[in-house]
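# Fold and geometry: a report
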Amino acid sequence: MLLILLGVLILHLIILILLIVSTAASAWSVGGDRSSDLWYNCMTTNGGYHCNHASNEDWIQAVQALMILSLLFCFFSLIAFVFQLFKLVKGGRFFFTAIFQILASVFVMCGAIIYTVMSPDDGSGAQYGYAYVLAWVAFPLCLISGLIYIVLRKKE
């Protein structure tokens, strides 16, 4: 049982790291001398690296909010898991943790979908970067983790 709990905890920490990197990294869209993320649009010109704030369009703000919410819900589900680990009665299930983790997966999925649909194609040959891919990788892992928390029971 201890190995299962340790495995679930490590999976949860991996998901949290993936969400932090995908939210903070500047590689949601890359191409040539340009890169853009949720916060900045950067460009290399004349040997210098210049960044401007991301647009104030509603869709990018929605993606920013959803990614931050997924981070917060994943972090709070980790705190809830540790708390329930010590306070939950024998045979109890980790429903509270599971709900938070599943909500985090829904938020990251919605954010990635909005970015996919709404990101402009300016003809510069930009491709999706590693931060975008990490967000999509975090989604199923987060969902699987939430489902594991539903099935998991506390044993003495």
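See above for the structure.
Reference entry: report on the structure contained in this document. Residue numbers restart at each chain and count upward from 1, following the sequence in its written direction. In view of the model being predicted, local features appear only for residues whose pLDDT reaches at least 70, and side-chain atom pairs are presented and counted only at 80 or more, with totals across whole chains, interfaces and linings using the full set of residues. The side-chain numbers reported here are obtained from all heavy atoms of the structure, hydrogens and water having been left aside.

Moving on to the overall build of the protein. Looking only at helices and strands, one finds four helices and five strands in the protein. Listed N to C, the secondary structure of the protein is α-β-β-β-β-α-α-β-α in terms of helices and strands. The dimensions of the protein, computed from C-alpha atoms along their principal axes, are 65 × 30 × 20 Å. Under the scheme applied here, a residue whose accessible area is under 20% of the maximum for its type counts as buried, over 50% as exposed, and between as partly exposed, the area being computed with a 1.4 Å probe on protein chains only. Burial analysis of the protein (156 residues in total) assigns 41% to the buried set. For the protein, contacts bridging at least 24 residues in sequence account for 71% of all contacts bridging at least 6. With an accessible surface of roughly 8,700 Å², the protein has 71% of that area assigned to carbon and sulfur atoms. In this tally, Asp and Glu contribute negative charge and Lys and Arg positive charge; neither His nor the terminal groups of the chain are included. Note that the charge is assigned to NZ on lysines, CZ on arginines, CG on aspartates and CD on glutamates. Each charge sign in the protein was given a centre, from 7 positive and 7 negative side chains, and these centres are 34 Å apart. Every helix listed is a DSSP run of H or I at least four residues long, and every strand listed is a run of E at least two residues long, numbered separately from the N terminus. Throughout, a residue-residue contact means that at least one pair of heavy atoms, one from each residue, lies within 4.5 Å. Accessibility throughout is a Shrake-Rupley quantity obtained with a 1.4 Å probe, and a residue counts as covered only by protein chains that appear here.

The subject of this paragraph is the packing of helix H2 (residues 58-87) against helix H3 (residues 95-118). Axis angles are defined between N-to-C directions and span 0 to 180 degrees, where every axis is a line fitted to C-alpha atoms and, for a helix, only to the segment in contact. Where H2 contacts H3, the axes come no closer than 8 Å and their chain directions differ by 160°. In terms of their interaxial angle, H2 and H3 are classed as roughly antiparallel. When you trace H2 past H3, the crossing you get is left-handed. Throughout this entry, Asp, Glu, Lys and Arg are counted as charged residues, while Ala, Val, Leu, Ile, Met, Phe, Trp, Tyr, Cys and Pro are counted as nonpolar. The remaining residues, Gly among them, count as polar. Residues belonging to the contact of H2 with H3 are distributed by class as follows: 22 nonpolar, six polar and no charged. Convention used here: angles under 35 degrees read as roughly parallel, angles over 145 as roughly antiparallel, angles from 65 to 115 as roughly perpendicular, and any remaining angle as oblique. Two helices crossing with the near one rotated counterclockwise from the far one by less than a right angle form a left-handed crossing, whereas a clockwise rotation gives a right-handed crossing.

Our focus in this paragraph is helix H1 (residues 2-24). Look at H1: 33 Å from first C-alpha to last across 23 residues, which is about the 33 Å you get at 1.5 Å a residue. The complete set of buried residues in H1 reads Leu 5, Val 8, His 12, Ile 15, Leu 16, Leu 18, Leu 19, Ser 22 and Thr 23. On its buried side, H1 packs onto H2, H3 and helix H4 (130-151). In a helix, the anticipated span is given by 1.5 Å times the number of residues less one.

The subject of this paragraph is a nonpolar patch on the surface. Here, patches come from residues exposed beyond 30% relative accessible area and free of salt bridges, joined within 9 Å for like charges and within 5 Å for nonpolar side chains (Val, Leu, Ile, Met, Phe, Trp, Tyr). Basic side-chain nitrogens of Lys or Arg form a salt bridge, by our definition, when they fall within 4 Å of a carboxyl oxygen of Asp or Glu. Together, Ile 68, Leu 69, Leu 72, Phe 75, Phe 76 and Ile 79 make up a nonpolar patch on the protein surface, roughly 500 Å² of accessible area in all. With respect to the element layout, Ile 68 can be found in helix H2. Judged by its relative accessible area of 37%, Ile 68 is partly exposed.

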